Amino acid sequence: MKEDLIAAKRDALIAAARQAMGTAYAPYSGFHVGAALLFDDGAILTGANFENASYGLSLCAETVACSIAAHAGRRGGLVAVAVIGGPAGAVEAAISPCGRCRQVVNELAALGGTDPLILCVGAHEVVEMPLSVLLPNAFGPANLA
Ligand code: THU
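One structure accompanies this document, and this report is about it. (Residues numbered from 1 in each chain as written. Predicted model: local features only at pLDDT ≥ 70, side-chain atom pairs only at ≥ 80, totals over all residues. Heavy atoms only, no water.)

Looking at the overall build of the protein
Tallying secondary structure elements over the protein gives 4 helices and 5 strands in all. Relative to its length of 145 residues, the protein is compact, with a C-alpha radius of gyration of 14 Å against a globular reference of 15 Å. Seen through its principal axes, the protein has C-alpha atoms that stretch 40 × 35 × 25 Å. Scored against the burial criterion, the 145 residues of the protein give a buried share of 41%. Within the protein, counting contacts between residues at least 6 apart in sequence, those at least 24 apart form 68% of the total. When the accessible surface of the protein is totalled, it reaches about 7300 Å², and 57% of it is carbon and sulfur. Between the mean site of the 8 positive side-chain charges and the mean site of the 12 negative ones, the protein shows a separation of 4 Å. (Helix = DSSP H or I, 4+ residues; strand = E, 2+ residues; numbered from the N terminus. Rg over C-alpha atoms; globule rule 2.2 N^0.38 Å. Buried < 20%, exposed > 50% of the residue type's maximum accessible area, 1.4 Å probe, protein only. Contact = heavy atoms within 4.5 Å. Areas by Shrake-Rupley, 256 points an atom, 1.4 Å probe, with all protein chains shown as cover. Lys, Arg positive; Asp, Glu negative; His and termini not counted. Charge placed at Lys NZ, Arg CZ, Asp CG, Glu CD.)

Listed below in structure tokens is the structure:
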């Protein structure tokens, strides 16, 4: 069951996001973010933000992680996402995925018909909510079918 898998992998997922944050390339904002995706077979794939000298082209951690997953052949099966970040990697407040990343995560989730649990990891708390709460009435692949 999805809940059991998330419970079993929760600590590993958060640790993976934290480790991924260490690979952030964020010389312009100085804000380092890591994201970790948990799939229904127990696999965890990660990403970190990758900024650009043309600032607006910067890629968020969640988007990088989803791109890596797609490139690894993943099409759905997404059960949870952990996100963590802070200035120079100093984590304080829990951060939630930006609007664009919510849409990118939705694409990967929709391919497998799942509603992944999003874990927003702070220094003293983990705020959890399903993607459908962060992005209600999402536009997705079904709209183009
Ligand atoms: N960032 C992410 O990686 N994920 C988010 O959900 C929010 C913001 C990055 C983008 C930019 O590199 C830095 O954080 C500051 O906005």
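Looking at the site of the ligand
Close to the ligand lie Ser29, Phe31, Val33, Asn49, Glu51, Cys60, Ala61, Glu62, Ser96, Pro97 and Cys98, which account for all nearby residues. Interatomic distance of 2.8 Å between a backbone N/O atom of alanine 61 and an oxygen atom of the ligand. A distance of 3.0 Å separates an oxygen atom of the ligand from a polar backbone atom of cysteine 98. A total of 370 Å² of accessible area belongs to the ligand in isolation, and the protein chains cover 76% of it. Going through the elements one at a time, β1 (31-39) and α2 (61-71) are the ones with two or more residues in the shell around the ligand. Looking at the shell around the ligand residue by residue, the class counts come to 6 nonpolar, 3 polar and 2 charged. (Near = heavy atom within 4 Å. Polar contact = N/O pair within 3.5 Å; in protein donor to acceptor, adjacent residues only side chain to side chain. Nonpolar A, V, L, I, M, F, W, Y, C, P; charged D, E, K, R; others polar.)

Notes on the pattern of salt bridges
Applying the stated criterion to the full structure yields 2 salt bridges. For arginine 10, the salt bridge goes to glutamate 128, with nearest N and O atoms at 2.5 Å. Taken together, the positions of arginine 10 in helix α1 (residues 2-21) and glutamate 128 in strand β5 (residues 126-130) put the pair 118 residues apart, joining distant regions of the chain. A salt bridge links arginine 74 to aspartate 41, with the nearest nitrogen and oxygen atoms 3.0 Å apart. Here the residue arginine 74 occupies a position in the loop between α2 and β3 (78-87), and aspartate 41 occupies one in the loop between β1 and β2 (44-48), the gap between them amounting to 33 residues. On the basis of relative accessible area, arginine 74 is assigned to the partly exposed category, the value being 21%. Looking at aspartate 41, the relative accessible area reads 53%, which means it is exposed. (Salt bridge = Lys/Arg side-chain N within 4 Å of Asp/Glu carboxyl O.)

Here's the deal with the packing of aromatic side chains
Within the structure shown, the criterion is met by 2 aromatic pairs. Seen from their ring centres, tyrosine 28 and tyrosine 55 are 5.3 Å apart, and the 35° between their planes marks the pair as tilted. Remark: tyrosine 55 occurs in the loop between β2 and α2 and tyrosine 28 occurs in the loop between α1 and β1; sequence separation between them is 27 residues. By relative accessible area, tyrosine 28 is classed as partly exposed at 38%. Positioned above the aromatic ring of phenylalanine 39 is the side chain of arginine 74, whose terminal nitrogen or guanidinium carbon lies 4.7 Å from the ring centre. (Phe/Tyr/Trp six-rings, centres within 6.5 Å; stacked < 30°, edge-to-face > 60°. Lys NZ or Arg CZ within 6 Å of the ring centre and 35° of its normal.)

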